[in-house]
Amino acid sequence: MSTDLTLDLREDMPTLPDLPTFEAETIRTHEEHGYLARWFGTKAHQGTHVDAPAHYVENGRTVDQIPLSTLWGPASVLDVRDASGGAVTESDLDAAAPASLSERVILVTGDVDRYFESAAHLTEEAATWLLDRDVSLVAVDHLTDDPDDSTRPVHNALLGADVPIVEYLANTDEIVTHSTVAFCCLPLRLAGFEASPVRAVARTDDGAN
């Protein structure tokens, strides 16, 4: 079974204060022009997206430089829903981790609808836990950093170690009972950009857990 883990990009979607929203406009119509064409504008971090190391690391990799092998492959799913609305700690990851961890990790709290309000976030110690296990990609359905900590230690730790972060996953309730999924999150090929919207998809085999 395949599950779309991507938020819809739409004009009424939530966004961080003081940052541009998603905008769209119809510039050609079937009635007037014989075909439909639309324009959209958005920040690179809108909706489900991947942060490349360049987001926080000067001269770090940009989204067009992330290897496809990092963005596509098996991923361990860690059920940390007990930490919903709070801090996802090293102990939470220890309790949720399978015996054998994939290099890609998806952390599930179920908080995607609570963004910018009361969604869970990772602690710096949790980031260290992930790096100690040589992860190559971290994907979350919650906030990466505590929004009250302007130093963004988790972003700095993961991106500083060349580990991209996929943020704002949706529909994670459909994969949380599986310990491993096939995961794909391909960004637009935006040359020199520090982030990009992605279409994130997971596939689970029938009967697999």
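To be clear, the structure that these remarks concern was listed above.
Residues numbered from 1 in each chain as written. Predicted model: local features only at pLDDT ≥ 70, side-chain atom pairs only at ≥ 80, totals over all residues. Heavy atoms only, no water.

Looking at the overall build of the chain
Thinking step 1. For the chain, the helix and strand inventory stands at 5 helices and 12 strands.
Thinking step 2. Here the C-alpha radius of gyration of the chain, 17 Å, is about what a compact globule of 209 residues would show, namely 17 Å.
Thinking step 3. By its C-alpha atoms, the chain is 60 × 45 × 35 Å across when sized along the principal axes.
Thinking step 4. A burial count over the chain gives 44% of its 209 residues as buried.
Thinking step 5. Put simply, of all contacts in the chain between residues at least 6 apart along the chain, 72% involve residues at least 24 apart.
Thinking step 6. Of the accessible surface of the chain, which amounts to about 10600 Å², a share of 47% is contributed by carbon and sulfur atoms.
Thinking step 7. Charged side chains of the chain number 13 positive and 37 negative; the gap between the two group centres comes to 6 Å. (Helix = DSSP H or I, 4+ residues; strand = E, 2+ residues; numbered from the N terminus. Rg over C-alpha atoms; globule rule 2.2 N^0.38 Å. Buried < 20%, exposed > 50% of the residue type's maximum accessible area, 1.4 Å probe, protein only. Contact = heavy atoms within 4.5 Å. Areas by Shrake-Rupley, 256 points an atom, 1.4 Å probe, with all protein chains shown as cover. Lys, Arg positive; Asp, Glu negative; His and termini not counted. Charge placed at Lys NZ, Arg CZ, Asp CG, Glu CD.)

Concerning the nonpolar core
Thinking step 1. Ranked by internal contacts, the top residues of the largest apolar core, which has 27 residues, are Leu-93, Leu-107, Leu-130 and Val-138.
Thinking step 2. Looking at this core, the elements that each hand over two or more residues are helix H3 (90-96), strand S7 (104-108), helix H4 (124-132), strand S9 (137-140) and helix H5 (153-160).
Thinking step 3. The greatest single-element share of this core, amounting to 4 residues, is contributed by H4.
Thinking step 4. When neighbours within four sequence positions are excluded, Leu-107 is seen to be in contact with Leu-78, Val-80, Leu-93, Leu-122, Leu-130, Val-138, Ala-139, Val-140, Asp-141 and His-142.
Thinking step 5. Core analysis: the second largest hydrophobic core is formed by 22 residues, Val-63, Leu-137, Ala-139 and Val-166 among them. (Core = buried A, V, L, I, M, F, W, Y, C linked by side-chain atoms within 4.5 Å.)

Observations concerning a nonpolar patch on the surface
Thinking step 1. The grouping of Leu-68, Trp-72 and Leu-186 at the surface amounts to a nonpolar patch, some 340 Å² of accessible area in total.
Thinking step 2. Within the element layout of this structure, Leu-186 appears in strand S11 (residues 180-187).
Thinking step 3. On the basis of relative accessibility, which here comes to 34%, the residue Leu-186 falls in the partly exposed class. (Patch = residues over 30% accessible without salt bridge, like charges linked within 9 Å, V, L, I, M, F, W, Y side chains within 5 Å. Salt bridge = Lys/Arg side-chain N within 4 Å of Asp/Glu carboxyl O.)

Some words on unusual backbone geometry
Thinking step 1. Of note, Arg-152 is a non-glycine position whose phi angle comes to about 50°, a positive value.
Thinking step 2. Secondary-structure assignment places Arg-152 in the loop between S9 and H5.
Thinking step 3. Phi angles above zero are rare outside glycine, and Tyr-168 is one such case at about 70°.
Thinking step 4. Tracing the backbone through its elements, the reader meets Tyr-168 in the loop between strand S10 (165-167) and S11.

Brief notes about the packing of H4 against H5
Thinking step 1. Interhelical geometry of H4 versus H5 gives an angle of 15° and a closest axis separation of 8 Å. Judged by the angle between their axes, H4 and H5 are roughly parallel. Of the two possible hands of crossing, H4 and H5 adopt the one that is right-handed. On H5, the residues that touch Glu-124, Ala-127 and Leu-131 of H4 are Pro-153, Val-154, Ala-157 and Leu-158. (Axes fitted to C-alpha atoms, helices over the stretch in contact; angles between N-to-C directions. Parallel < 35°, antiparallel > 145°, perpendicular 65-115°, else oblique. Left-handed = near helix turned anticlockwise from the far one by under 90°.)

Some remarks on the packing of aromatic side chains
Aromatic ring pairs are reported here in terms of the distance separating the ring centres and the angle at which the planes meet.
Thinking step 1. Taken as a whole, this structure holds 1 aromatic pair when the rule is applied.
Thinking step 2. A ring pair is formed by Phe-22 and Phe-40, whose centres lie 5.8 Å apart and whose planes are at 25°; its orientation type is stacked. Highlighted residues: Phe-22 in the loop between strand S1 (2-4) and strand S2 (23-28) and Phe-40 in strand S3 (residues 37-41), separated in sequence by 18 residues.
Thinking step 3. Of the residues examined, Phe-22 reaches a relative accessible area of 8% and is grouped as buried. (Phe/Tyr/Trp six-rings, centres within 6.5 Å; stacked < 30°, edge-to-face > 60°.)

Taken by themselves, the reported measurements are silent on function.
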